[in-house]
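Chain by chain, the residues:
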Amino acid sequence: MTKMPEAPIGEDDLHAFIDGVLDPSRMAAVQAFLAARPDEAARLRAMAAQRDALRAALAFKAAEPIPARLRIGHLRSARRQSAWARGRVAVAAMMLLMVGAGLGWGLRASFGPQMAEIERTQPPVPEALSAPVARIEASVRTADIGAWLRRETGQFVPVPDLTSFGFALDGAMVLPAPEGAAAMLRFVDAEGTVLSVWRRPSPDPVSRRMRCTDEPGGAVTYSWSDGRHLHLVTAQLPREQLRPIALKVERAMEAPPEIGVMAGLGRRPCETALG
Amino acid sequence: MLSERDRRMEALVPALRRFAWSLTRAGDAADDLVQDCLEHALGAWHRRHLDGNLRAWLFTILYNLHISDRRRLARRARLLADPALAGEMAMEGGQDAALHCAEVLAQLDALPEDQRAVLLLIGVEGLSYDEAAQVLCVPVGTVMSRLSRGRERLRRLAEGRSAPVTALRRVI
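The paragraphs below set out a description of the structure included in this document.

What counts and how
- Residues numbered from 1 in each chain as written.
- Chains lettered and ligands numbered in written order.
- Predicted model: local features only at pLDDT ≥ 70, side-chain atom pairs only at ≥ 80, totals over all residues.
- Heavy atoms only, no water.
- Helix = DSSP H or I, 4+ residues; strand = E, 2+ residues; numbered from the N terminus.
- Buried < 20%, exposed > 50% of the residue type's maximum accessible area, 1.4 Å probe, protein only.
- Contact = heavy atoms within 4.5 Å.
- Areas by Shrake-Rupley, 256 points an atom, 1.4 Å probe, with all protein chains shown as cover.
- 1 Å grid on protein atoms, 1.4 Å probe; cavity = no way out; pocket = protein on both sides within 12 Å on 5 of 7 lines; lining within 4 Å.
- Points joined across faces, edges and corners; volume = space filled by probe spheres on them.
- Nonpolar A, V, L, I, M, F, W, Y, C, P; charged D, E, K, R; others polar.
- Salt bridge = Lys/Arg side-chain N within 4 Å of Asp/Glu carboxyl O.
- Buried area = accessible area lost by both parts, 1.4 Å probe.
- Polar contact = N/O pair within 3.5 Å; in protein donor to acceptor, adjacent residues only side chain to side chain.
- Pairing = 2+ DSSP bridges.
- Axes fitted to C-alpha atoms, helices over the stretch in contact; angles between N-to-C directions.
- Phe/Tyr/Trp six-rings, centres within 6.5 Å; stacked < 30°, edge-to-face > 60°.
- Lys NZ or Arg CZ within 6 Å of the ring centre and 35° of its normal.

Here the focus is the overall build of chain A. Secondary structure assignment for chain A yields 10 helices and seven strands. Within chain A, the fraction of its 275 residues that count as buried is 37%. Contacts in chain A between residues far apart in sequence, at least 24 positions, make up 53% of those at least 6 positions apart. As displayed, chain A offers around 15400 Å² of accessible surface, 59% of which is attributable to carbon and sulfur atoms.

Right under this line is the structure:
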């Protein structure tokens, strides 16, 4: 009776027997095999005893109270918090993008008289393009620019005096943005060269030294940040000619705000953007 | 309030801690491993089939993290040749084992990693052969042969004899 008509007994049958998952149709064959082989039966008993000993040795760990940090509720709320933080960063980044797009669109006005000429001779920009930016403009001929800027931006905006360079104030423009309006001052010299000065709330409280960029089309831009505002000075002028003007504007922009408008300046733009 | 799925997941935490501790033999590292595992699971929750086997899935994540952890540690140890790190890990393991038992754990340590994992998953955690194959990413046949070799080796160790494979190595 050592040979069975069915498949021979294998190690897998024996382990399934130990683990209690043996197919019932194999049970009789395995039991007959073990009955005929006491040494095999003893080996299997030893293995089962080892398995039980291992289970017993490790049981304490599963019986321990679980640490609070492994509670699903805690892990879920931690995940929600980090997702919320990521969301806030995304919102802030989007606001910056919007302001940047607005500025870029606005800057087009500062690319000298050629651009203004083109605009006069060509049909106006399609409505769809000009619509998203609600620009507000004022001219020195109709308004006191200093007072007008304070009214439109809610802030004191210093107006630099550039007459020593031959530039006279011509007008101003305000671009509303979620983190605070951007202001543009437009200067023109006797030859019709347009110079624009931009000032908007800085996205971060880090000040940045002045640097120079050559814009496509021949314009030159000097930019810097005092940690509260970003500034740009742009004109179709050689670098060395624009540089002293930019330095003068930088000094002018450091002018202390008048009493009574400090409240609006005290709040940093990043705090406004992040709520 | 926890959802039904979250409750089922939390009910598996004690078993996950036991498996992690069996693999690492260090309480804090084991709980770090379980936390990593749960965070991965929560992050990938929506990608999982609802009718799948939650237990096997969690054990799979945990074991994969453990393997990559071990690789990372091994890389770091190799790069820095840091004997302090190795010593610290060995000591922590030794203390835990001394506190909590038993000869059988020391014998378990003598097994190769893959056999040890099979013995733990099937013998201690009660996973089926199919589930263990899923966790270890190997065919069921491989699970069976590892189970067979692991149990045989453990039995010989318990009898005070080394397994034939060790004797063979010694001869060579």
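From this point, the narrative continues.
Moving on, we get to empty space enclosed by the protein. Under the criterion given, the structure shown has three cavities of 30 Å³ or more. If you add up the space inside the largest cavity, you get close to 70 Å³. As for the largest cavity, its lining consists of A:Met47, A:Gln50, A:Arg51, A:Leu54, B:Leu119, B:Gly123, B:Leu147, B:Arg151 and B:Leu154. Secondary-structure elements contributing two or more residues to the lining of the largest cavity are α3 (38–63) of chain A together with α7 (113–124) and α9 (140–158) of chain B. Residue contributions to the lining of the largest cavity peak at four residues, all from α3(A). Partitioned by chemical class, the residues of the lining of the largest cavity number five nonpolar, two polar and two charged. What the second largest cavity holds in volume is close to 40 Å³.

As enumerated under the stated definition, the model contains 24 salt bridges over all chains in all. A:Arg37 is paired through a salt bridge with A:Asp39; the nearest N and O atoms lie 3.6 Å apart. Overall, the relative accessible area of 35% leaves A:Arg37 in the partly exposed class. One salt-bridge network, held together by shared partners, links A:Glu11, A:Glu40, A:Arg43, B:Glu152, B:Arg155 and B:Arg156.

Let us now look at the interface of chain A and chain B. The extent of an interface is frequently quoted as the accessible surface area lost upon association of the parts. Chain A puts 32 residues into the contact, and the matching count from chain B is 41 residues. Counting the surface lost from both chain A and chain B, the interface buries some 3400 Å², and carbon and sulfur atoms represent 65% of this. The tally of links between chain A and chain B comes to six salt bridges. The partner of A:Arg69 in a salt bridge is B:Asp32, with the nearest N and O atoms 2.8 Å apart. Joining chain A to chain B, the criterion identifies 14 residue pairs in polar contact (both at pLDDT 80 or more). Elements with a contribution of two residues or more to the side of chain A that touches chain B: α1 (11–19), α3 and α4 (72–107) of chain A. Here the residues of the side of chain A that touches chain B sort into 17 nonpolar, three polar and 12 charged.

Residue and element names in this part refer to chain A. Taking strand neighbours across the sheet as the criterion, the seven strands line up as β1-β2-β3-β4-β7-β6-β5 in an open arrangement whose pairing is antiparallel. The sheet is open, and its two edges are formed by β1 (136–139) and β5 (207–214), each paired on a single side. Mean inter-strand twist for the sheet, computed between neighbouring axes without regard to direction, equals 15°. In this structure, strand β4 (residues 194–201) lies alongside strand β7 (residues 229–235), joined through seven bridges in antiparallel fashion.

With that settled, the discussion passes to the side chain of B:Gln115. Residues and elements named next belong to chain B. Assignment of secondary structure puts Gln115 in helix α7. Given the relative accessible area of 5%, Gln115 is considered buried. In this view, Gln115 contacts Arg146, Arg149, Gly150 and Arg153; residues no more than four positions away in its chain are not counted.

The next subject is the packing of aromatic side chains. A full pass over the atoms with the stated rule returns three aromatic pairs over all chains. A centroid spacing of 5.1 Å and a plane angle of 90° characterise the contact between A:Phe60 and B:Trp21, whose relative ring orientation is edge-to-face. With A:Phe60 in helix α3 and B:Trp21 in helix α2 (residues 13–24), this residue pair bridges two chains. One aromatic cluster in this structure is built from B:Phe19, B:Phe59 and B:Tyr63. The ring of B:Trp21 carries the charged tip of B:Arg25 above its face, separated from the ring centre by 5.6 Å.

So, about the pairing of strand β3 (residues 182–189) of chain A. Residue and element names in this part refer to chain A. β3 sits mainly inside the fold: six of its eight residues count as buried. Note that strand β2 (residues 167–175) and β3 share eight bridges and pair antiparallel. Paired with Leu169 across the bridge in β3 is Phe187. Relative to β4, β3 is paired through six bridges, and the arrangement is antiparallel. Within the sheet, the bridge partner assigned to Met184 lies in β4 and is Trp198. Hairpin geometry of β3 and β4 is characterised by an intervening segment of four residues between the two adjacent antiparallel strands and by a positive phi of about 90° at Gly192.

Here the focus is unusual backbone geometry. Working note: non-glycine residues mostly have negative phi, and peptide bonds are mostly trans. A positive phi angle, close to 60°, is found at B:Arg25, a residue other than glycine. Even without being glycine, B:Cys137 reaches a positive phi, approximately 60°.

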